[in-house]
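Okay, here's what each chain looks like letter by letter:
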Amino acid sequence: MPMRRSPELRPNLWDGLLGLAVLLAAAALGLRLWLPSASGALTAVIRVEGQPDERVALSTLTAPQERTITAGGYTLHLLLDREGAEMMDSDCPTQDCVRTGRITRGGQSIVCLPARLSVTLEGGAQDGPDVVIG
Amino acid sequence: MKKKLLCFPLLLILALLSACGDEPERVQIIAMDTVMTFQTYGKAAEDALVDASAEVRRLDALLSRTDPESAVSRVNSAGGAPVEAGAELSELLETAAEYSRMSGGAFDITLAPVSSAWGFTTDSYRVPSQAELDALLAHVGMEHVHVSGDTVTLDGGTQIDLGAIAKGYAADRVLDLYREAGLERGWAALGGNVAALGCRPDGEPWEIGIQDPNRPDDGNAYAGLLYLEDACAVTSGSYQRYFEQDGRRYHHILDPATGAPADSGLLSVTVVADAEAGSGAMCDALSTALFVMGEEKALDFRRESGLDFELVLVTEDGRVVATAGLEGRFAPAEGSGYAYETVS
């Protein structure tokens with residue numbers, strides 16, 4: 001006498017949908033883990049006293065732009081272009097901001113402590129360290 | 001039963017997707033005379049960052065030497081009278097005294113008047129005479145700092161500056177706040193200090209670049225790369241603050257024995273330790289002390305002190321010396337030009 005399968009063990013439409021959902025979620029997880037993260041277009045964030053003063057999406061610039069920034073009693077000239085930012089000159093006493101040179105990568109910053117000003121690049125390709133110390 | 005078995009992996013994967021996919025929350029502040037960046041992830045990230053910023057500003061107000069209202073300023077300006085400094089400052093002074101003792105005085109928070117004489121506090125740089133330095137050095141040393149309960153008394157002429165330990169202490173507090181908020185990952189960068197919680201969202205360790213001290217103005221130039229989870233790392237280097245006069249460079253890390261910039265043959269010292277209670281302050285204090293000591297004494301100190309930490313030293317003669325405990329967590333920077341050595 002042939003053995004009959006229990007109705008409860010027979011796959012139904014719900015089982016198929018659930019299995020498909022598991023497969024799709026697993027595929028999505030794999031993609032999230034393996035695809036490089038992209039955090040949007042490269043953006044220069046100009047902060048004074050730690051507070052965002054201006055955000056400039058560098059990809060929207062059609063030509064290099066020079067900004068004159070007055071902060072903390074000092075005057076600084078910042079050059080922005082599609083690929084990055086550079087402090088051209090400053091009348092601050094330390095000149096650390098000018099010596100930083102050109103920044104081109106998300107996470108990099110130009111800082112002028114006397115003026116309490118920073119220019120940080122956000123977004124773009126994350127191809128460098130998470131943090132740089134020193 | 002079968003549906004429950006299928007639902008479990010589905011829920012697990014969805015939870016993992018949620019955890020992996022969260023975008024970082026980041027805040028940047030200026031405090032303790034440096035730029036600090038805090039980054040973390042998760043639902044509680046935003047509140048945690050607000051709390052972290054507030055905590056660092058509180059510590060800055062407490063420990064600043066230049067804020068006349070701070071507890072440190074009250075102690076410095078008391079003219080030798082006892083000051084009710086509070087439990088937190090008193091405990092931090094005890095910690096500083098311990099690292100000073102362990103390092104044989106290479107770490108010393110009482111160098112403040114000497115640092116001022118060089119102009120490093122005000123950016124009005126000058127080269128003081130040796131006679132001037134000798135007079136100031138008479139008041140340098142932790143034996144001139146007296147802590148009794150919450151009361152602090154300095155001998156006449158002695159002043160304190162916690163700049164070589166305060167950022168590490170603040171890093172410890174920020175990690176505490178991350179943990180209290182239930183966060184699993186994030187980091188806090190405070191000048192040359194970094195404190196890392198957990199790992200990156202992709203499961204990999206945080207990648208920490210050590211700035212190449214020979215190319216301090218090139219943000220893409222590294223002496224090496226650290227790969228850290230739940231760890232602190234602090235770099236001190238002679239390139240971070242300096243001035244030049246008559247063709248000679250004078251940097252800000254002063255040798256308590258001479259009052260002059262430490263001439264130890266090192267360009268930078270990076271101290272790495274697991275993120276445990278107080279390890280940020282330890283890394284901060286030791287990075288300064290070991291820079292003053294130089295390569296040989298620093299490595300001897302690491303072996304003999306009983307403290308649990310690792311080192312990356314960049315020497316003036318073009319070597320990068322990493323301790324063996326960093327195996328798998330340190331990688332040379334390609335094209336840096338340094339000769340890399342591993343020591344026990």
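None of the values given here were measured: they were computed from a predicted structure. The numbering scheme is per chain: residues are counted from 1 as the chain's sequence reads. Each chain takes a letter, starting from A, and each ligand takes a number, starting from 1, following the order in which they are written. Given that this is a predicted model, residues contribute local features only at a pLDDT of at least 70 and side-chain atom pairs are listed and counted only at 80 or more, while totals for whole chains, interfaces and linings are drawn from all residues.

Topic: the overall build of chain B
Next up, step 1: Scanning chain B for helices and strands turns up 9 helices and 17 strands.
Next up, step 2: Taking 20 Å as the expected radius of gyration for a compact globule of 344 residues, we find that chain B reaches 22 Å, a close match to that expectation.
Next up, step 3: Taken along the three principal axes of its C-alpha coordinates, chain B extends 85 × 50 × 35 Å.
Next up, step 4: The buried share among the 344 residues of chain B stands at 45%.
Next up, step 5: Put simply, of all contacts in chain B between residues at least 6 apart along the chain, 61% involve residues at least 24 apart. Comment: elements are numbered from the N terminus, with helices defined as DSSP H or I runs of at least four residues and strands as E runs of at least two. The reference for a compact globule is 2.2 Å times residues^0.38; the radius of gyration itself is calculated from the C-alpha atoms. Buried, partly exposed and exposed are defined by the number of other C-beta atoms within 10 Å of a residue's own C-beta, namely 20 or more, between the two limits, and 12 or fewer respectively, with C-beta atoms placed from the backbone. Placing C-beta atoms from the backbone, we regard two residues as in contact once those atoms come within 7 Å.

Brief notes about the overall build of chain A
Next up, step 1: Per the secondary structure count, chain A includes 2 helices and 9 strands.
Next up, step 2: Along the chain direction, N to C, the helices and strands of chain A fall in the order α-β-β-β-β-β-α-β-β-β-β.
Next up, step 3: Looking at the 134 residues of chain A, the share that counts as buried comes to 27%.
Next up, step 4: When contacts within chain A are restricted to residue pairs at least 6 apart in sequence, long-range pairs at least 24 apart make up 32% of them.

Here we look at the nonpolar core
Next up, step 1: Each nonpolar core reported here comprises buried Ala, Val, Leu, Ile, Met, Phe, Trp, Tyr and Cys residues connected via C-beta atoms within 7 Å. Counting residues in each nonpolar core, the largest one holds 123 residues, and the members touching the most others are Val174, Ala188, Val194, Ala233 and Val271 of chain B.
Next up, step 2: Among the elements that line this core, the one with the most residues is helix H8 (residues 279-293) of chain B, at 10 residues.

Notes on the sheet that holds strand S6 (residues 102-103) of chain A
All names here are of chain A.
Next up, step 1: In this description, strands pair whenever DSSP reports at least two bridges between them. Taken in spatial order, the 4 strands of this open sheet run S3-S4-S5-S6, and their pairing is antiparallel. Where the open sheet ends on each side, the last strands, each with one partner, are strand S3 (65-71) and S6.
Next up, step 2: Sheet topology places S3 next to strand S4 (residues 74-81); 7 bridges connect them, and they run antiparallel. When the sheet's bridge partners are listed, Ile69 is paired in S4 with Leu76.

Quick notes on the environment of Gln39 of chain B
All names here are of chain B.
Next up, step 1: Relative to the helices and strands, Gln39 is located in strand S2 (residues 34-40).
Next up, step 2: Exposure remark for Gln39: the 20 C-beta atoms within 10 Å place this residue in the buried category.
Next up, step 3: Put simply, Gln39 and Arg302 are 263 residues apart on the chain and 31 Å apart in space, counted from C-alpha to C-alpha.
Next up, step 4: Setting aside residues up to four positions removed in sequence, Gln39 forms contacts with Pro24, Glu25, Arg26, Gly186 and Trp187.

Looking at unusual backbone geometry
Among all residues save glycine, negative phi is the norm, and among peptide bonds the norm is trans.
Next up, step 1: Phi at Arg116 of chain A is positive, roughly 55°, even though this residue is not glycine.
Next up, step 2: Assignment of secondary structure puts Arg116 of chain A in the loop between strand S7 (109-112) and strand S8 (117-122).
Next up, step 3: Phi is positive for Asp33 of chain B, which is not a glycine, with a value near 60°.

Considerations on the domain arrangement of chain B
Residue and element names in this part refer to chain B.
Next up, step 1: By the assigned domains, chain B splits into domain 1 (24-65 + 163-204), domain 2 (82-154) and domain 3 (227-344).
Next up, step 2: Where each domain begins and ends is defined by an automated method or by a domain database. Just the C-alpha atoms count here: the centres of domain 2 and domain 3 sit 22 Å apart.
Next up, step 3: Counting residues per element, the ones that place at least two in the side of domain 2 that touches domain 3 are helix H4 (87-102), helix H5 (112-118) and helix H6 (130-137).
Next up, step 4: For the side of domain 2 that touches domain 3, the class distribution of residues is 15 nonpolar, 4 polar and 1 charged. Here the term charged refers only to Asp, Glu, Lys and Arg, the term nonpolar to Ala, Val, Leu, Ile, Met, Phe, Trp, Tyr, Cys and Pro, and the term polar to all other amino acids, Gly among them.

Some details on the packing of helix H7 (residues 166-180) of chain B against H8 of chain B
Residue and element names in this part refer to chain B.
Next up, step 1: All axes here are fitted lines through C-alpha atoms, helices being fitted over the stretch that makes contact, and every angle between N-to-C directions spans 0 to 180 degrees. One can describe the packing of H7 onto H8 by two numbers: an axis separation of 7 Å at closest approach and a directional angle of 160°. The angle between H7 and H8 places the two elements in the roughly antiparallel class. As H7 runs across H8, the sense of the crossing is right-handed. Only Gly280, Ala281, Cys283, Asp284 and Ala285 of H8 make contact with H7, whose side of the interface consists of Lys167, Gly168, Tyr169, Ala171 and Asp172. Throughout, the term roughly parallel applies to angles under 35 degrees, roughly antiparallel to angles over 145, roughly perpendicular to angles from 65 to 115, and oblique to all others. Crossing chirality is assigned from the near helix's rotation relative to the far helix, an anticlockwise turn below a right angle marking it left-handed and a clockwise turn marking it right-handed.

Some points on the environment of Ile69 of chain A
Residues and elements named next belong to chain A.
Next up, step 1: With respect to the secondary-structure elements, Ile69 resides in strand S3.
Next up, step 2: On the neighbour-count criterion, Ile69 (19 C-beta atoms within 10 Å) is partly exposed.
Next up, step 3: Other than its neighbours up to four places away in sequence, Ile69 contacts Ile46, Leu76, Leu78 and Leu117.

Observations regarding the sheet that holds strand S4 (residues 145-148) of chain B
Residues and elements named next belong to chain B.
Next up, step 1: Across the sheet, 3 strands lie side by side as S3-S5-S4; this open sheet has antiparallel pairing. The open sheet has two free edges, formed respectively by strand S3 (83-84) and S4, since each of these has just one partner strand.
Next up, step 2: Across the face of the sheet, H4 comes into contact with S4 and strand S5 (151-154) while running at roughly 130° to S4.

A short note on the packing of H4 of chain B against H8 of chain B
Residue and element names in this part refer to chain B.
Next up, step 1: The N-to-C vectors of H4 and H8 enclose an angle of 40°; their axes lie 11 Å apart at closest approach. Accordingly, the angle class assigned to the pair H4 and H8 is oblique. Along this stretch, H4 crosses H8, giving a crossing that reads as right-handed. On H8, the residues that touch Thr95, Ala96 and Tyr99 of H4 are Ala281, Ala285, Leu286 and Ala289.

Topic: the pairing of strand S5 (residues 84-90) of chain A
Residues and elements named next belong to chain A.
Next up, step 1: Pairing of S4 with S5 involves 6 bridges; the strand directions are antiparallel. Bridge pairing in S5 links Leu76 to Ser90.
Next up, step 2: A loop of 2 residues connects S4 with S5, the two strands running antiparallel in sequence.
Next up, step 3: Summarising the sheet, S5 and S6 pair through 2 bridges and their orientation is antiparallel. Across the sheet, the residue bridging to Glu86 is Arg102, located in S6.

Observations concerning the pairing of strand S11 (residues 242-245) of chain B
Next up, step 1: Both S11 of chain B and strand S12 (residues 248-251) of chain B contribute to a ladder of 4 bridges, which runs antiparallel. Each bridged residue has a counterpart across the sheet, and for Glu244 of chain B the counterpart in S12 of chain B is Arg249 of chain B.

Some details on H7 of chain B
All names here are of chain B.
Next up, step 1: For a helix, the expected span equals 1.5 Å multiplied by the number of residues minus one. Look at H7: 21 Å from first C-alpha to last across 15 residues, which is about the 21 Å you get at 1.5 Å a residue.
Next up, step 2: The buried fraction of H7 is high, at 12 of 15 residues.
Next up, step 3: For H7, every residue scored as buried is listed here: Ala166, Lys167, Gly168, Tyr169, Ala170, Ala171, Asp172, Arg173, Val174, Leu175, Leu177 and Tyr178.

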